[in-house]
Amino acid sequence: MEKELFLSGYCRQLDAARMVEVIIEGSQVTEVDCCYPDCPHAPNCTVAESIREQISPT
């Protein structure tokens, strides 16, 4: 099943707040309109944290 999410948060790379579109199929991110997961700020990013919460098993 595909999920389309719009996540809001602060982007350190852009130094601004932004909305990020994420498409998740099953437990895999198939599309994202930011540098996740390769962004050097991903470990401390609130948007990346939200993405990880969506794909991790509960």
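Before reading further, recall that the structure is shown in the block above.
Fair warning: this is a prediction, and the values are worked out from it, not measured in the lab. (Residues numbered from 1 in each chain as written. Predicted model: local features only at pLDDT ≥ 70, side-chain atom pairs only at ≥ 80, totals over all residues. Heavy atoms only, no water.)

Asker: What should I look at first to understand the environment of Ala17 in this one?
Answerer: Looking at the secondary structure, you find Ala17 in strand β2 (residues 16-25). Given a relative accessible area of 65%, Ala17 falls into the exposed group. In sequence terms Ala17 and Pro43 are 26 residues apart; their C-alpha atoms lie 17 Å from each other. Apart from residues no more than four positions distant in its own chain, Ala17 is found in contact with Gly9 and Tyr10. (Helix = DSSP H or I, 4+ residues; strand = E, 2+ residues; numbered from the N terminus. Buried < 20%, exposed > 50% of the residue type's maximum accessible area, 1.4 Å probe, protein only. Contact = heavy atoms within 4.5 Å.)

Asker: Explain unusual backbone geometry here, please?
Answerer: Put simply, Tyr36 and Pro37 share a cis peptide bond, and its omega is 5 degrees. Turning to its location among the elements, Pro37 is positioned in the loop between β3 (28-32) and α1 (46-55).

Asker: Mind showing me how you'd approach the layout of surface pockets here?
Answerer: Gaps between atoms show up when a probe of the same size as a water molecule is rolled over them. Of the pockets and cavities examined, the largest pocket occupies roughly 200 Å³. Elements supplying a minimum of two residues to the lining of the largest pocket: β1 (2-11), β2 and α1. Among the residues making up the lining of the largest pocket, the classes are represented as 12 nonpolar, two polar and two charged. (1 Å grid on protein atoms, 1.4 Å probe; cavity = no way out; pocket = protein on both sides within 12 Å on 5 of 7 lines; lining within 4 Å. Points joined across faces, edges and corners; volume = space filled by probe spheres on them. Nonpolar A, V, L, I, M, F, W, Y, C, P; charged D, E, K, R; others polar.)

On their own, these measurements won't tell you what the molecule is for.
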